[in-house]
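Single-letter residue listing:
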Amino acid sequence: MIALNNYSRLNQIKRQYYNYLKYCRFIFYNLAALMDKFESIKAFTQVVTAGGFAAAARKIGLSRSAVNKLVINLENELGVQLLNRSTRRVSPTDTGLAFYQRCASILADLEEAELAVSQLQEEPKGTLKINAPMSFGTLHLAPAVADFMLQHPNLQVQLTLNDRFVDPIEEGFDITVRIAEPPDSATLIVHPLVPVRRVLCAAPTYLQGRGVPKHPTELRNHACLHYGYLATGNQWKLRGSDREYAVPISNVLCSNNGEVLREAARKGLGIALLPTFIVGSDLQQGTLETLLLDYHPPDISVCVIYPINRHLSAKIRLFTDFLRERFGSQSYWELVR
């Protein structure tokens, strides 16, 4: 009887052991499949972010064919086409774009968790790459960046200033400060910080010689100082109480830098359409006068822009919050109305 009980007990232990092995095999195979899917998702996200397989392969450290295989496996498993492929560029399908946005958010959350573990949340480290327009950068962003660095001495900053359109993903910027209408983008997060007011202005000496325009259409008869990167081309758009006017202008000076136009306006060379963060002090001192107060150009803002997969980065979050507090809802350069 004792031998029979021992034999039954042994069989019970064997069954438990075999069940345990089956469970381990199940976990192993499912974990391996999960890791493969995770690698495929990372590869797909990099392809969309970089705009191609070759650039994604360099970023990940794999061959182009390996990245392509990972994405194909993901498409086969999901049963949908995620990418439109051509010889020049790869772009996401509508389904692929929706999937990319979710995946990028998940990967950013994982990156944030790793940062928290390494205690980077409390004190950011590494390099913060910033791009900004020239005039706003020199007049307002430069002192703000210096103050931000004093608060975070372990952070290195690379600040690049230019007035051309910049693709922050393609050119590798962590954060871009842009003066424009807030763009609508599926791959970028946009934070409008503060409205930017633009005014038509001229020096008193110019107005004494050429007269003060009373209506937008009269600008055709004046010397105009034109910003070369306006989306409206060689027109100034102004909205009044009745309608919007698109006025063709005759520019005696065209420049891609607002401070150049400001100096020309101060010397009486013509009428300029400039933001108050450039000409605010001149308006306050009377060296420039505001014109056509009942007509206003389209609204623009100071915007902070960064790739969607960095939305939880500590250094980006801290810098965005710093700029929001620095400039506030009513900018300090708004000296005159």
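How each quantity is defined
- Residues numbered from 1 in each chain as written.
- Predicted model: local features only at pLDDT ≥ 70, side-chain atom pairs only at ≥ 80, totals over all residues.
- Heavy atoms only, no water.
- Axes fitted to C-alpha atoms, helices over the stretch in contact; angles between N-to-C directions.
- Helix = DSSP H or I, 4+ residues; strand = E, 2+ residues; numbered from the N terminus.
- Parallel < 35°, antiparallel > 145°, perpendicular 65-115°, else oblique.
- Left-handed = near helix turned anticlockwise from the far one by under 90°.
- Contact = heavy atoms within 4.5 Å.
- Nonpolar A, V, L, I, M, F, W, Y, C, P; charged D, E, K, R; others polar.
- Pairing = 2+ DSSP bridges.
- Phe/Tyr/Trp six-rings, centres within 6.5 Å; stacked < 30°, edge-to-face > 60°.

A. How the structure looks around the packing of helix H5 (residues 134-151) against helix H9 (residues 314-327). For the pair H5 and H9, the least separation of the axes is 11 Å and the interaxial angle reads 120 degrees. It follows that H5 is oblique to H9 by the angle criterion. Along this stretch, H5 crosses H9, giving a crossing that reads as right-handed. Side by side, H5 and H9 meet where Phe136, His140, Leu141, Pro143, Ala144, Val145, Asp147, Phe148 and Gln151 of the first sit next to Lys315, Leu318, Phe319, Phe322, Leu323, Arg326 and Phe327 of the second. By residue class, the composition of the contact of H5 with H9 is eleven nonpolar, two polar and three charged.

B. The arrangement of the sheet that holds strand S8 (residues 223-227) in detail. Strand order in the open sheet formed by five strands is S11-S8-S12-S7-S13, with mixed pairing between adjacent strands. Each having just a single partner strand, strand S11 (250-255) and strand S13 (289-291) make up the two edges of the open sheet. Here the average twist between neighbouring strands, direction ignored, is 40 degrees. Bridge count for S8 against S11 is five bridges, and the pairing is parallel. Its bridge partner being in S11, alanine 223 is matched across the sheet by serine 250. Each of S8, S11 and strand S12 (271-275) is contacted by helix H7 (residues 258-266), which is oriented at about 165 degrees to S8, the strand it contacts most. Taken strand by strand, helix H8 (residues 276-285) contacts strand S7 (198-202), S12 and S13, and its axis lies near 115 degrees from that of S12.

C. Spatial organisation of the packing of aromatic side chains. Tallied over the full model, the rule gives six aromatic pairs. Geometrically, the ring pair formed by tyrosine 245 and tyrosine 295 is edge-to-face, given 6.0 Å between the ring centres and 75 degrees between the ring planes. Note that tyrosine 245 is positioned in strand S10 (residues 244-248) and tyrosine 295 in the loop between S13 and strand S14 (300-307), a separation of 50 residues in sequence. Chaining the aromatic ring pairs together yields one cluster made of Phe136, Phe277 and Phe327.

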